[in-house]
Amino acid sequence: MKLRLADGAALLQGFAAARSDNLLSALQSIVSAAPFRHMVTPGGFRMSVAMTNCGHAGWVSDPSGYRYDPVDPNTGQPWPAMPAVFFDVATQAAAAVGFENFEPDACLVNRYEPGTRISLHQDKDERDFTAPIVSVSLGLPAVFLFGGLKRSERPVRIPVKNGDVVVWGGPSRLVYHGVAPLPEGEHPATGRTRINLTFRKAL
Ligand code: MD3
Ligand code: FE
């Protein structure tokens, strides 16, 4: 079922559910080559979310700043290629919300354990804000915080569960957003873990 969240933003409930096992097994290969790591913010804080990437560029954070880099700084190698099942889910979800020409070149993978959160922020390290961002939730359920174009706007809470996909584009592309602290839980496929794939046109 498709729920409109705001102009340019929609929640596609269960859109990727039938492919969640395929997405998770493709993720295993990515993580073998580019292990999850806790990045450090430019301010010097270790992020509670663990991250890796696939595709032509990966989002990295270090004391020098945020950027998209074609090379994994931890391995010195290019990030693993984006698996076809990743690309297909992302482009099909974008098309279902009216973004027919979305061609993601980067996928940031976030790993949450109970207590992990992401505070309100904007995604603005990408070159082209006309492209949407597509988010695929796997494993434990979470609550997205969906704010406005100003940090001061009180966010709406959007529950997401395994297989849900959210597309954020157009007027919603630069809204402040975050993730509430992950509650304790156990998921048959991922255990005490939530995985979020975010597809971006970064370059
Ligand atoms: C709304 N990740 O990686 S995805 C991030 O669940 C990030 O891991 C969260 O925020 C997660 O940057 C939330 C949902 C999301 C992603 C991008 C957005 C929502 C967005 C861009 C604009 C507006
Ligand atoms: Fe974000």
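Described below are features of the structure shown in this document. Just so it is clear, the structure is predicted and the values come from calculations on it, not from any experiment.

1. Things to note about the sheet that holds strand β1 (residues 2–6)
Next up, step 1: An order of β1-β2-β11-β8-β13-β6-β3 is seen for the seven strands of this open sheet, with the pairing classed as antiparallel. Among the strands making up the open sheet, the edge pair consists of β1 and β3 (50–55). Averaged over all adjacent pairs, the angle separating strand axes in this sheet is 20 degrees, with direction ignored.
Next up, step 2: Pairing between strand β8 (residues 133–139) and strand β11 (residues 165–168): four bridges, direction antiparallel. Across the sheet, the residue bridging to V134 is V167, located in β11.
Next up, step 3: Along the sheet, helix α2 (residues 84–96) makes contact with β1, β2 (9–12), β3, β6 (106–112), β8, β11 and β13 (194–200), crossing β8 at roughly 120 degrees.

2. Regarding the pairing of β6
Next up, step 1: Counting buried positions along β6 yields six of seven residues, so the element is predominantly enclosed.
Next up, step 2: Bridging between β3 and β6 involves six bridges; their strand directions are antiparallel. Residue M51 lies in a different strand from β6, and its bridge partner there is N110.

3. Re the side chain of H187
Next up, step 1: Within the element layout of this structure, H187 appears in the loop between β12 (177–179) and β13.
Next up, step 2: Judged by its relative accessible area of 16%, H187 is buried.
Next up, step 3: In this structure H187 touches G139, L140 and N162, once residues within four positions along its chain are discounted.

4. Considering the environment of G55
Next up, step 1: Following the sequence through the fold, G55 ends up in strand β3.
Next up, step 2: In this structure G55 comes out as buried when scored by relative accessible area, which is 12%.
Next up, step 3: Considered as a pair, G55 and R117 are 62 residues apart in the sequence and their alpha carbons are 25 Å apart.
Next up, step 4: Among all residues touching G55, those that are not within four sequence positions of it are W79, P80, A81, M82 and D105.

The rules behind the values
- Residues numbered from 1 in each chain as written.
- Chains lettered and ligands numbered in written order.
- Predicted model: local features only at pLDDT ≥ 70, side-chain atom pairs only at ≥ 80, totals over all residues.
- Heavy atoms only, no water.
- Pairing = 2+ DSSP bridges.
- Helix = DSSP H or I, 4+ residues; strand = E, 2+ residues; numbered from the N terminus.
- Axes fitted to C-alpha atoms, helices over the stretch in contact; angles between N-to-C directions.
- Contact = heavy atoms within 4.5 Å.
- Buried < 20%, exposed > 50% of the residue type's maximum accessible area, 1.4 Å probe, protein only.

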